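Spelled out, the chains give:
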Amino acid sequence: QVQLAESGGGVVQPGGSLRLSCAASGSIFSITARNWYRQALGMQRELIATLTSAGSTDYADSVKGRFTISRDATKTMVYLQMNSLKPEDTAVYYCNVRDRNDNTYWGQGTQITVSP
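Below: a short report on this structure. (Residues numbered from 1 in each chain as written. Predicted model: local features only at pLDDT ≥ 70, side-chain atom pairs only at ≥ 80, totals over all residues. Heavy atoms only, no water.)

### Digging into the pairing of strand 4 (residues 31–39)
Right, so step 1: Within strand 4, seven of the nine residues are buried, which leaves the element mostly enclosed by the surrounding structure.
Right, so step 2: As paired elements, strand 4 and strand 9 (residues 91–99) share eight bridges and run antiparallel to each other. Its bridge partner being in strand 9, Asn-35 is matched across the sheet by Asn-96. (Buried < 20%, exposed > 50% of the residue type's maximum accessible area, 1.4 Å probe, protein only. Helix = DSSP H or I, 4+ residues; strand = E, 2+ residues; numbered from the N terminus. Pairing = 2+ DSSP bridges.)

Here it is, written out as structure tokens:
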């Protein structure tokens, strides 16, 4: 079992930056991929950033070049640095991890609102 807790959401103006944090606890040794998803109002949840245990990253086209996923040396924290934010980035952002048994775990979500 893995428990996740996000922090860092809030309101930001267009063009601004925010960093989301996700603290993992429990069986973190079993994690094979760390992801960030987001869900805008009335839309499906979408995968926006992935960080594998090998350190490779992948991004949705909508955030590529603006968002960066990373983790700390202890592998208990995963971050999403978001720059050049746009109103269309407004959504609830979720931390997600997958373990070696293909179980997935979700955080509670944190709201990001990009508005003048």
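That was the structure; now back to the text.
### A look at the packing of aromatic side chains
Right, so step 1: Scanning the entire structure with this criterion turns up two aromatic pairs.
Right, so step 2: Residues Tyr-94 and Trp-106 carry aromatic rings whose centres are separated by 6.2 Å and whose planes lie at 85° to one another, so their mutual orientation is edge-to-face. One end of the pair, Tyr-94, is in strand 9; the other, Trp-106, is in strand 10 (residues 104–106), and twelve residues separate them in sequence.
Right, so step 3: According to the relative accessible area criterion, Tyr-94 is buried, its value standing at 13%.
Right, so step 4: For Trp-106, a relative accessible area of 36% corresponds to the partly exposed category.
Right, so step 5: The lysine or arginine in question, Arg-19, covers the ring of Tyr-79, its NZ or CZ lying 4.1 Å from the ring centre.
Right, so step 6: One cation-aromatic arrangement involves Arg-45 over Trp-106; the distance from NZ or CZ to the ring centre is 4.6 Å. (Phe/Tyr/Trp six-rings, centres within 6.5 Å; stacked < 30°, edge-to-face > 60°. Lys NZ or Arg CZ within 6 Å of the ring centre and 35° of its normal.)

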